[in-house]
Amino acid sequence: MNNNIDHTDPAKDMNTERGNGGETHQRAGDDTKVLTTQQGVAIADNQNSLKAGSRGPTLLEDFVLREKINHFDHERIPERIVHARGSAAHGYFELTESLEEYTTAKVLTETGKQTPLFTRFSTVAGNKGSKDTPRDVRGFAVKMYTEEGNWDIVGNNMPIFFIQDAMKFPDLIHAVKPEPDRGFPQAASAHDTFWDFVSLSPETMHNLIWLMSDRGLPRSLRMMEGFGIHSYRLINKDGKSTFVRFHWKPVLGVQSTTWDEAVKISGADPDYHRRDLFESINNGDYPEWEFGVQLFTEEEANAFPFDHLDATKLIPEELVPVKVVGKMVLNRYPDNFFAETEQVAFCPSHLPPGVDFSNDPLLQGRLFSYLDTQLSRLGSPNFAQIPINAPKCPFANNQQDGHMQMQVPKTRVLYEPQSLDLTRPRESAKRGFNSFHEQLDDGVKGRVRDESFADHYSQPRMFYRSQTATEQAHIATAYAFELGKVDTAHVRTRMLSHLIHIDEDLANRVATALGMELPEPADAAAPVQDLGTSKAVQTIGLTPDSLKGRMIGILVAEGSNSSEVKKFEDAAKAQGASVKIVAPNKEVVLDDGTRIQADERLAGGPSVMFDAIVSIIMPDQAKKLAKDSSALDWFNDAFNHCKAIAYCGATDEFILSKLPVEKDEFVTPLAELDAFISNAKSRLWEREPKVRDLA
Ligand code: HDD
């Protein structure tokens, strides 16, 4: 245990004085930094405003007060219209295999070099202060500060998107955000307007089924895949183009929570994912992803049974394998949330030479939207000068002025062509960004969508049929939950008419759970194809056989056996897990007299915060806890959420015996330490049918 208590006072080096209000002040000593105004004037008193008499009015003259309050009044900027809630970290990208055959981009051709990056994860629908664990798509945005300019891969944790054309994006977002008349629900898709819109837009069916799967409930930001989604182009030195899709694969595998657990976590710790990222980085458990590419030619693309320019289609890994060519490691939490996580501005239009766009109409619309939104969010076209956004390679141009201009160009020449200052920057055909010389067909101008975008059901069918029985049950249950929140009957009926095309069994399960009849199938714009199955889209069974990244909770109380606690703590940590001590009180004395500080009080550390739990308590304490609902919930929830449990005799006699916890092979006595460690490596889905009525 390393939580022995240190009562040292970190403020002891300051000069402490009593102020005239009786409160304690800490004032700068001779060699400490002095607090100043923005103008650099030292502040003598930061606690009291300037008054005419000790009980008299405050004076307008008080420039220290006015500057402080004025700045405070303007601390907020508009939050992102989508992806407002996010957490981020610094790290690096390292290439392990050169893609020189395909691209000139140095970041993809120079192996072994570390490129600094900043990655921001987010939920989509909720506002900035919303919980971390709603059912939602997660944003996965990576800004690489390459030596040829910044490269932003602005993706999600699902490989496809809801819509095919940027024209529909504002409608999608208006439909999912809180309904405008009533201002709720917050961070939730389970309401009428969302399902009304999606059921009238069959192109959403594929992303919807991913959202209804366990991927919509990530266990940790470190346990999500990331996808660039759209096809991009790589351009090599001969000007040849190869299509590419970008992938980030988490070393910890893809892991999820259960719905009931996610709901309870949002109450217990709304910052669950942010805290997990912060703690893991501070503990030196750096989150890591493999970077992979799917590469294919135009001719190969033409043979796919779907159009790769359609962002609602993934390219099955069985058709085009993911080639792993690098890795991303996140090893530094931001110093300041606002300056970095909040002010970072991602734009899919930020690319280095050697990478180029495809004609995906969703991507094309995004190229406008992101640059535009930063103007209202960050207030000025100079947002690129904010340190988190500025390139780390040399940059120079003739842009000038504007709000918050930080640069002071020392020249009379801010234009081109020019002949007055030969040291000023000039264009370079050789080093500059050259768009791929694509031969365009003589299309007819119009608001059109190609026939090749018409198949909306075949890939959702492939996704559903690729899942294990447990995952299929979760998907059906999620549809039933969400549609159960929809009051408008014809919206629910319309959704069922789509599900029939995806899989009749799925449609039947959802209809039965809703108590509804199956309607006629929806009109399909294109025949549904059987595309087979793809193991890569599952999550269960694809997690590594390891405790790495998992969190074990050990319940102790007064007099608990110290050596037993240490044994479990050491065993879990040796396998890469983190451990938190939970106790009825913040400080407890163990049987050997050590006073330890619990990481969580029992009332504030419910078992939803752990992947597996251990209970080591004495009989008198167990008897007390048996009357405490937070203790009973601790075990009940862990059991219902299919987690491993290790118990001592007193826990068994006084607590487990009172609960509907049926001791299966995953609920083991303390003596079976190895069995517990092995059970704690994954979620024990075998138990689920016993504890939950799934659709
Ligand atoms: Fe978007 C933010 C991902 C389609 C318009 N988007 C945003 C972020 C992510 C994505 C991860 C947060 C970036 C951050 O952390 O700051 N968006 C996607 C993906 C899409 C997608 C993967 C489809 C493949 N987005 C999309 C479309 C539009 C937008 C079609 C508009 C036409 N997205 C925005 C935005 C945001 C944004 C309004 C809000 C804040 C920001 O850009 O900087 O411009």
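Being a predicted model, the structure only gives us computed values, none of them experimental.

## Observations concerning the overall build of the protein
Step number 1: A tally of regular secondary structure across the protein gives 19 helices and 20 strands.
Step number 2: Projected onto the principal axes, the alpha-carbon positions of the protein cover approximately 85 × 75 × 55 Å.
Step number 3: Expressed as a percentage of the 695 residues in the protein, the buried residues total 52%.
Step number 4: A fraction of 72% describes how many contacts in the protein between residues 6 or more apart in sequence connect residues 24 or more apart.
Step number 5: Working note: accessible area of the protein is about 32900 Å², and carbon and sulfur atoms make up 51% of it.
Step number 6: The protein carries 76 positive and 101 negative side-chain charges, and their two centres are separated by 4 Å.

## Some remarks on the UniProt feature "binding site: heme" (unreviewed entry) in the protein
Step number 1: In the numbering adopted here, UniProt assigns the feature "binding site: heme" (unreviewed entry) to Arg-80, Arg-120, Phe-169, Arg-366, Tyr-370 and Arg-377.
Step number 2: If sequence neighbours within four positions are ignored, Arg-80 has contacts with Arg-120, Thr-341, Glu-342, Val-344 and Arg-377.
Step number 3: Within the secondary structure layout, Arg-377 lies in helix H9 (residues 361-378).
Step number 4: Overall, Arg-377 belongs to the buried group, its relative accessible area being 5%.
Step number 5: Non-local contacts of Arg-377, meaning those with residues more than four positions away in its chain, are made with Ile-77, Pro-78, Glu-79, Arg-80, Glu-342, Gln-343, Val-344 and Ala-345.
Step number 6: Here the side chain of Arg-377 touches Glu-342 through a polar contact of 2.8 Å, landing on its backbone oxygen.

## Section: the nonpolar core
Side chains of nonpolar character tend, in soluble globular proteins, to be buried together.
Step number 1: Ranked by size, the top nonpolar core spans 60 residues in total, and within it Ile-552, Ile-554, Val-556, Phe-568, Val-614 and Phe-676 carry the most contacts.
Step number 2: Broken down by element, the residue count for this core peaks at five residues, all from helix H16 (residues 629-640).
Step number 3: Apart from residues lying up to four places away in sequence, Val-556 is in contact with Val-565, Ile-581, Val-582, Ala-583, Pro-584, Val-588, Leu-590, Ile-596, Ile-616 and Ile-617.
Step number 4: Leu-172, Ile-173, Trp-195 and Ile-475 belong to the second-largest nonpolar core, a separate cluster that totals 51 residues.

## Quick look at the packing of helix H11 (residues 469-484) against helix H13 (residues 504-514)
Two quantities define a packed helix pair, namely the angle between the axes and the distance from one axis to the other.
Step number 1: Look at H11 against H13: their axes get within 9 Å of each other, and the N-to-C directions meet at 45 degrees. When the axes of H11 and H13 are compared, the pair comes out oblique. The crossing of H11 and H13 is right-handed. Between H11 and H13, the residues in contact are Gln-472, Ala-473, Ile-475, Ala-476, Tyr-479, Ala-480, Leu-483 and Gly-484 and Leu-506, Arg-509, Val-510, Ala-513 and Leu-514, respectively.

## Here we look at the domain arrangement of the protein
Step number 1: For the protein, the assigned domains are domain 1 (86-385), domain 2 (457-537) and domain 3 (551-690).
Step number 2: For domain 2 and domain 3, the distance between their C-alpha centres works out to 39 Å.

## Side note on the UniProt feature "active site" (unreviewed entry) in the protein
Step number 1: UniProt's feature table lists "active site" (unreviewed entry) at His-83 and Asn-156, given in the numbering used throughout. The annotated residues occupy 74 residues of the chain but converge on a single region, no pair of C-alpha atoms lying more than 10.5 Å apart.
Step number 2: The contacts of His-83, once residues within four sequence positions are left out, are Arg-120, Ser-122, Thr-123, Val-124, Gly-139 and Asn-156.
Step number 3: A distance of 2.8 Å separates the side chain of His-83 from the side chain of Ser-122, its partner in a polar contact.
Step number 4: Relative to the assigned elements, Asn-156 resides in strand S6 (residues 149-156).
Step number 5: On the basis of relative accessible area, Asn-156 is assigned to the buried category, the value being 7%.
Step number 6: When neighbours within four sequence positions are excluded, Asn-156 is seen to be in contact with His-83, Val-137, Arg-138, Gly-139, Phe-140, Phe-161, Glu-225, Gly-226, Phe-227 and Ile-229.

The rules we used
- Residues numbered from 1 in each chain as written.
- Predicted model: local features only at pLDDT ≥ 70, side-chain atom pairs only at ≥ 80, totals over all residues.
- Heavy atoms only, no water.
- Helix = DSSP H or I, 4+ residues; strand = E, 2+ residues; numbered from the N terminus.
- Buried < 20%, exposed > 50% of the residue type's maximum accessible area, 1.4 Å probe, protein only.
- Contact = heavy atoms within 4.5 Å.
- Areas by Shrake-Rupley, 256 points an atom, 1.4 Å probe, with all protein chains shown as cover.
- Lys, Arg positive; Asp, Glu negative; His and termini not counted.
- Charge placed at Lys NZ, Arg CZ, Asp CG, Glu CD.
- UniProt positions renumbered as here; feature names shortened; annotations may be inferred.
- Polar contact = N/O pair within 3.5 Å; in protein donor to acceptor, adjacent residues only side chain to side chain.
- Core = buried A, V, L, I, M, F, W, Y, C linked by side-chain atoms within 4.5 Å.
- Axes fitted to C-alpha atoms, helices over the stretch in contact; angles between N-to-C directions.
- Parallel < 35°, antiparallel > 145°, perpendicular 65-115°, else oblique.
- Left-handed = near helix turned anticlockwise from the far one by under 90°.
- Domains from an automatic or database assignment.

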